[in-house]
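Structural description and commentary
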Amino acid sequence: MEKRYFQKEIETMPVEEIKKLQSEKLVKQVKHVYENVPYYRDLMDKKGVKPEDINGIEDLHKLPFLTKADLREAYPHGLLAKPLKDCVRIHSTSGTTGKRVVAFYTQHDVDLWEDCCARAIVAAGGTDEDVCQVAYGYGLFTGGAGLHGGSHKVGCLTLPMSSGVTERQIQFMTDLNATILCCTPSYAAYIGETLKEMGYTPDRIPLKAGIFGAEPWTEEMRRGIEETLGIKAYDIYGLTETSGPGVSFECEEQTGMHINEDHFLAEIIDPETGEVLPEGSKGELVFTALDKEAFPLLRYRTRDICVLNRKPCSCGRTFIKMCKPMGRSDDMLIIRGVNVFPSQIETVLLNQGYQPNYQIIVDRANNNDTFEVNVEMNPDQFSDTVSGITAKEKALAEAMKVMLGINPKVKLVAPKSIVRSEGKSVRVIDKRKLHD
Ligand code: ADP
Ligand code: ZN
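Analysis parameters
Residues numbered from 1 in each chain as written. Chains lettered and ligands numbered in written order. Predicted model: local features only at pLDDT ≥ 70, side-chain atom pairs only at ≥ 80, totals over all residues. Heavy atoms only, no water. Pairing = 2+ DSSP bridges. Helix = DSSP H or I, 4+ residues; strand = E, 2+ residues; numbered from the N terminus. Axes fitted to C-alpha atoms, helices over the stretch in contact; angles between N-to-C directions. Contact = heavy atoms within 4.5 Å. Core = buried A, V, L, I, M, F, W, Y, C linked by side-chain atoms within 4.5 Å. Buried < 20%, exposed > 50% of the residue type's maximum accessible area, 1.4 Å probe, protein only. Parallel < 35°, antiparallel > 145°, perpendicular 65-115°, else oblique. Nonpolar A, V, L, I, M, F, W, Y, C, P; charged D, E, K, R; others polar. Domains from an automatic or database assignment. Buried area = accessible area lost by both parts, 1.4 Å probe. Salt bridge = Lys/Arg side-chain N within 4 Å of Asp/Glu carboxyl O. Polar contact = N/O pair within 3.5 Å; in protein donor to acceptor, adjacent residues only side chain to side chain.

What follows is about the sheet that holds strand E17 (residues 368-376). If you trace the 4 strands from one edge of the open sheet to the other, you get E18-E17-E16-E21, paired in mixed fashion. Among the strands making up the open sheet, the edge pair consists of strand E18 (409-413) and strand E21 (428-430). Each strand of the sheet is rotated relative to its neighbour by a mean of 20 degrees, with strand direction disregarded. Relative to E18, E17 runs parallel, the two sharing 5 bridges. Each bridged residue has a counterpart across the sheet, and for Asn 374 the counterpart in E18 is Lys 411. Seen against the sheet, helix H10 (residues 342-351) touches strand E16 (358-365), E17 and E21 and runs at an angle of roughly 130 degrees to E16. Most of the contacts of helix H11 (residues 386-404) go to E18, to which it runs at about 135 degrees, and overall it touches E17 and E18.

Structure follows, in structure tokens:
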């Protein structure tokens, strides 16, 4: 099969040339930020770094980091590098970690972002013959707008569905022969379950590919979605701060996501010390946006834990690949003094044959933390007897206790009853903060 790219000369550029391009862009971008963003200029001044000290990517480590706390402090306009009259768009984070961030875009920024999404669609096999159903949320959330723009650039017939109203999604998908589905993996699984209940077998579903991201998902989930929908499911990664989805995307190898290195310079650091780690190490992913005009973050700490590798890829793309994020460095909960990561709970659920549709609810009663985990039953368990369900809840609580060291109260809830915001599952509700 002939290999297809959206921007071949860039996506297959020799690594040395990519690095040269990144160096040139970095020098310019640091100047742009130093001159136009007093907040970051102060950070550089405090560190004793001047734009003249940055002559290429080898000097990147000299620059100060930018964190989500900085973004909050500078809210709303403090990191703008262009006059507002030159900006055409605002987006905001979905707030899965509770705090919203606003990002600004010039037309140029929107354009390059849409290119990145178009690269992802083409890598998933998309052409101008495809009907692309965009079921990410439209609005402040970046998912809808990003893939919508990318779909237009590829020339797909675009179905701007937004998320939710699943019956309508299915009606349009089947009546209009959608071939590519873009949404969060949890929503894709949900659509798949609904289709199955309606009696659709994979051969009767017109889809051939899906581009799913914006939240963590596992290989097991991928296999499940691929089987139910009869498609290939591709991962896509991004965050509002770096424009949105499309920072990186999977190719047909499905072994990690190629980072769009002409626009984003990636580093892996030790989240404790901030030290830059060699390629192949596991650590916190840090991005420098090389082309963004309005909101050009330098050395932005994503808090996503990840590994990078530059092994040659059979697809011909030369961009470095990142693995699936392995949780956030800050998503750790401390419950009764014990460190709890949502990913540990997810592992238990998958091991026990459940879908990773769950919600952790932490509260405080009589100065003690309460810890509940609601888990969606599989549809076939829904008709179980009360005692059968109680036994399953007990078994799950036991398994979680073994994994975490503390005892949660597990409740099995009806399939599809856990709220999904903009298609993303809300994993943690920490009510303790409300009382502070
Ligand atoms: P937030 O969820 O923090 O409010 P965003 O909506 O911008 O803000 O989400 C960005 C975050 O979503 C990333 O930092 C990452 O943790 C997560 N994310 C995005 N895409 C993926 C993906 N493909 N796999 C796993 N996590 C992802
Ligand atoms: Zn590849």
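Back to the text.
Tyr 40, Leu 63, Leu 66 and Leu 79 are the most contacted members of the largest nonpolar core, which has 71 residues in total. It is helix H5 (residues 107-123) that provides the largest number of residues to this core, a total of 9 residues. Counting 25 residues, the second largest nonpolar core, distinct from the first, contains Ala 188, Leu 195, Tyr 200 and Ile 205.

This paragraph deals with the packing of helix H7 (residues 166-175) against helix H8 (residues 185-197). Their axes nearest at 10 Å, the elements H7 and H8 cross at an angle of 75 degrees. Accordingly, the angle class assigned to the pair H7 and H8 is roughly perpendicular. Contact residues: Thr 166, Gln 169, Ile 170 and Met 173 in H7; Tyr 187, Tyr 190, Ile 191, Thr 194 and Leu 195 in H8. Split into classes, the residues belonging to the contact of H7 with H8 amount to 6 nonpolar, 3 polar and no charged.

Examined at the domain level, the protein chain breaks down into domain 1 (8-329) and domain 2 (334-430). Carbon and sulfur atoms make up 52% of the surface buried where domain 1 meets domain 2, a total of about 1,600 Å² over both sides. Linking domain 1 with domain 2 are 1 salt bridge, by the criterion used here. For Lys 416, the salt bridge identified is with Glu 197, shortest N-O distance 3.6 Å. Our count for the contact surface shared by domain 1 and domain 2 stands at 1 residue pair in polar contact (both at pLDDT 80 or more).

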